[in-house]
Amino acid sequence: MRRAFHRNWIGLAACAVIFILAVGATVSRSVERALEADATARAEHWADFLTGKMPGLDYLMSFGRPTAAQSLVLEQAVKIGNVDRFNLFDPVGNLVFASDSHDRVIVWASNVVNEKPLQVARTRKPMVSLQEDTGRSDRPLVFAEAVVPVIDQKGNLTGVAEVVIDMTESAAGFRHNFTFMAFMIIAMASVVFGALAWAYMKNKRRADHSENRANFLSANDSLTGALNRPTFLQAFQTARLKAANKTCGLVFVDIDHFKSINDARGHDMGDAVLRHVATQLFRCVEEEDLVARFGGDEFAIGFVNSTPEQTNEKIERILAACRMPVTQRGTTLSTSVSIGATVSEKALALKDMLHEADVALQWVKAKGRNDCAIYDDRMGNRLRREREVKALIKEALAGGGFELHYQPCVNAERDEIQGFEALLRLKDQTGTYISPAEFIPIAEEMGVISEIGNWVLQQATSDAASWVTDVYIAVNLSPLQFESGQLVAQVQQALAASGLPPHRLELEITESLLIRDEHNIAFQLDALRELGASIAMDDFGTGFSSLSYLWKYGFDKLKIDRSFIQALESDPDKVRDIIESIVLLGKRLGMTVTVEGIETGIQRDQLIAMGCRLQQGFLHGRPSTLETIRLSRSERAAQEEANKAG
Ligand code: C2E
Ligand code: MG
Ligand code: MG
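From a predicted model like this one, the values you see are computed outputs, not experimental measurements.

Cut-offs applied
- Every chain is numbered on its own, with residues counted from 1 as its sequence reads.
- Ligands are numbered from 1 and chains lettered from A, in the order in which they are written.
- Totals for whole chains, interfaces and linings use every residue, but because this is a predicted model, local features are given only for residues with pLDDT of at least 70 and side-chain atom pairs only at 80 or more, for both listing and counting.
- Hydrogens and waters are ignored; side-chain quantities use all the structure's heavy atoms.
- The domain boundaries here were taken from an automatic or database domain assignment.
- A fitted line through C-alpha atoms serves as each axis, taken over the contacting stretch for helices, and the angle formed by two N-to-C directions is quoted from 0 to 180°.
- Going along the chain from the N terminus, every DSSP run of H or I of four or more residues is numbered as a helix, and every run of E of two or more is numbered as a strand.
- An angle below 35 degrees is treated as roughly parallel, one above 145 as roughly antiparallel, one from 65 to 115 as roughly perpendicular, and anything else as oblique.
- In what follows, a contact means two residues having at least one pair of non-hydrogen atoms within 4.5 Å.
- Any residue with relative accessible area above 30% and no salt bridge may belong to a patch, with like charges joined within 9 Å and the nonpolar Val, Leu, Ile, Met, Phe, Trp and Tyr side chains within 5 Å.
- Note on areas: Shrake-Rupley, 1.4 Å probe, and residue coverage restricted to the protein chains presented here.
- Salt bridges are defined as contacts in which a side-chain nitrogen from Lys or Arg sits within 4 Å of a carboxyl oxygen from Asp or Glu.
- Throughout, exposure labels follow a simple rule: accessible area from a 1.4 Å probe, protein chains only, divided by the maximum for the residue type, with under 20% read as buried, over 50% as exposed, and the rest as partly exposed.
- In plain words, nonpolar cores are sets of buried Ala, Val, Leu, Ile, Met, Phe, Trp, Tyr and Cys residues tied together by side-chain atoms within 4.5 Å.
- Metal donors were taken as nitrogen, oxygen and sulfur atoms no farther than 2.8 Å from the ion, or 3.2 Å where the ion is Na, K or Ca. Water is excluded, so coordination may look unfinished.
- Pairing of aromatic rings covers Phe, Tyr and Trp, the last through its six-membered ring, and needs centres within 6.5 Å; plane angles under 30 degrees mean stacked, over 60 mean edge-to-face, and all others mean tilted.
- Distance and angle both matter: a charge sits over a ring if NZ of Lys or CZ of Arg is within 6 Å of the ring centre and within 35 degrees of the ring normal.
- Take the residue count of a helix, subtract one, and multiply by 1.5 Å to get its expected span.
- Arc definition: it is the arc formed by the directions from the helix axis to the C-beta atoms.

Moving on: the domain arrangement of the chain. Considered domain by domain, the chain is made up of domain 1 (2-173), domain 2 (229-375) and domain 3 (388-641). Once you take the C-alpha centre of each, domain 1 and domain 3 turn out to be 133 Å apart.

This next bit is on the packing of helix α11 (residues 377-399) against helix α12 (residues 436-446). In the contact formed by α11 and α12, the axes pass within 10 Å of each other and the chain directions differ by 75 degrees. Between α11 and α12, the crossing angle belongs to the class labelled roughly perpendicular. Two secondary-structure elements touch here, α11 through R385, E386, V389, K390, I393 and K394 and α12 through E438, F439, I442, A443, E445 and M446.

Side chains of F19, I20, M181 and I185 sit close together on the surface and give an oily, nonpolar patch of about 340 Å² of accessible area. Where the nonpolar patch is concerned, the elements lending two or more residues are α1 (2-53) and α5 (168-219). Residue placement: F19 occurs in helix α1. Given a relative accessible area of 36%, F19 falls into the partly exposed group.

Core analysis: the biggest nonpolar cluster contains 69 residues, and I393, Y406, I473, L507, L514 and I579 have the highest contact counts within it. Of the residues forming this core, the biggest block, 6 residues, is contributed by helix α13 (residues 449-465). With near-sequence residues (within four places) excluded, I393 lies in contact with F402, L426, F439, I442, A443, M446, V448 and I452.

Located in the positive-phi region is R124, a residue other than glycine, with phi close to 60 degrees. Assignment of secondary structure puts R124 in the loop between α4 (115-123) and β4 (127-132). In this structure, N305 takes a positive phi of about 65 degrees despite not being glycine. Residue N305 is classed as partly exposed on the basis of its relative accessible area of 34%.

Taken together, the protein donors to the magnesium ion (ligand 2) comprise E421 (OE), N476 (OD1), E508 (OE) and D538 (OD), at separations of 2.0 to 2.2 Å. If you list the donors of the magnesium ion (ligand 2) from N- to C-terminus, the spacing comes out as E-x54-N-x31-E-x29-D. Here the magnesium ion (ligand 3) and the magnesium ion (ligand 2) are spaced 4.0 Å from one another, each receiving a donor from D538. Of this pair, E508 sits in strand β18 (residues 505-509) while D538 sits in strand β19 (residues 534-540), and the two are 30 residues apart along the sequence. Residue classification places E508 among the buried positions, given a relative accessible area of 1%. D538 sits in the buried class, given a relative accessible area of 8%.

Moving on: the packing of aromatic side chains. For the coordinates displayed, the defined rule picks out 11 aromatic pairs. One aromatic cluster is present, formed by F232, F236, F252 and F294 through successive ring pairs. The side chain of K367 reaches across the aromatic face of W363, ending 4.6 Å from its centre. For R622, the ring lying beneath its charged end belongs to F618, and the centroid distance is 3.9 Å.

Octahedral metal centres with six donors ideally show angles of 90 or 180 degrees, and tetrahedral centres with four donors ideally show 109.5 degrees. Every protein donor of the magnesium ion (ligand 3) is listed here as D538 (OD), D539 (OD), E596 (OE) and E596 (OE), and their distances to the metal cover 2.0 to 2.5 Å. Donor residues for the magnesium ion (ligand 3), ordered by position in the chain, follow D-D-x56-E.

Helix length check: helix α19 (residues 572-589), at 18 residues, gives a terminal C-alpha distance of 26 Å against a target of 26 Å (1.5 Å per residue), a fit within 8%. Buried within α19 are the following residues: V575, I579, I582, V583 and G586. One side of α19 holds all its buried residues, which, seen down the axis, span an arc of 100 degrees. Facing away from the buried surface of α19 by more than 90 degrees, the exposed residues are K574, K587 and R588. Buried residues in α19 make contact with β19, β20 (557-560), α18 (562-568), β21 (592-595) and α20 (601-609). Phi turns positive one or two residues past the end of α19, at G590, with a value near 70 degrees.

What follows is the structure, given as structure tokens:
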């Protein structure tokens, strides 16, 4: 654009120079013409003087010897009309007189035929030539040589006069006048031309600006200035091909919870966040890299020529930069982004790069956002699996596809069942059970855990209420069920609907719950306890195992995580010390202690020796369906009857 602008000005300047030169040339030619016309007029006037004043002119012109009277007139003639000197020719071109202007002596000249006078005699048309700066001392600076016919009053040609006229003064006068005129013309033309040029340039600049703006908008996002999707894809592909044999990175940046920002804080804040993120992206990339807005809250960056290490370094920088808060009209908001990237050589098709970067982004989002990751093949598999599980959860919710299995918790000393833990089960298409450790976090992310948890509560309480014994039923709770604000009502409703005495219901929570909003959690735990349910701390020893939590919330039970039992073999002394300490702690704080994961008789006995009689594990019973438990219990009763009878 700048170059085009300069080109225009150079063109205009060239036009102006040509115009000035043309005016100069015209003026010079005009001065010449005017001087010629002036000289002709003077010469003719001089010839008229001669014919009017000279007695016996025809005689003189024919014989060339002036009389005394004629000499007098001839002497006067040199003083007329700036005539410097003159020559007289007869009608056939012979020189008959030559004057000398210096001593004013009229000399007689011998007969010599001259071409010019002869031609003038024939045509009767004057001939004029102007001369300047000839260097001759006997000539004026500027003079005209005018050859004019000498015609008497009757109209007869009596001869030809060649008159040298001093035009120095006339030339200076003409030149001065014409130069002034030329200057005026140039000045006026400059004003008119300048105004037109200025208007033209202004319009042109406006048109150029509009054109540039239109071009910009067709390739860029108007809010952030980033490239739009089609332009980015084309530019990135071209850059990839140019950067032969070098790795390029493709990055997707997604603003976390952007919809909520827009909904809760308004579109102005949303726009401010988008601009803020775009600014940070531009700040963090190199000049050759490409930044685009793919629409909504998603940006893409093309790192042209970037190794995996460099890409990683850059995305870490972007992640940190985008965490800087945004301020809009006095309101400050903290933001974060999720970043998925892929790095590849030219060989990988662009569409595959886009897919991989998207998989990496989905991966980061699934893992809780506000992070970055570079694609690896396992991500794709895990995401695919997650998608499958999500579909299964949806299906199970709609069509009653969840099951509950029950695992007994026993008094190992007396081999007596104290209660059952309800464990949720979900089958895949092949009929294989998916571990709740896998599908529960996914259900939590989908926001359906409260609905599922409510079903578990209803099913478990109603199953337990149908049992003949009054053993307890333990139900696991997700921290997110506390967030719904409906948990207490759901528990109350499940108890009421099943008719299960509340003291038979045990609710298992994990420590991860307690690091949340303490007041709200404590309030709900109290309300659940008031309903008559007991609260157990599950997986104790794997989280913070904070004494302050135990003391503050006063649980009814601690369930020692099965990882301790697994470590028993490798590090028996240390594990024993820990378990005995927990048992002691439980006793002091009035909490029963259960141990999970007992698989062998040795473990059972070791744990009894450590003071842990309440045990759960495959040794005492695997999680099973209600029918299996009923069956095994009736078998067991029959066995006992038979033993007694025996
Ligand atoms: P958890 O509450 O600690 O449940 C005990 C887990 O240990 C169960 O795994 C059980 O099958 C397993 N287990 C019990 N005894 C043994 C043993 O001797 N050896 C071994 N290797 N494992 C044993 P499961 O059923 O896969 O459940 C995993 C976790 O999923 C549970 O851990 C619990 O945190 C969660 N979960 C299960 N059902 C629910 C539910 O209805 N709601 C919620 N929120 N979470 C649930
Ligand atoms: Mg549990
Ligand atoms: Mg557990």
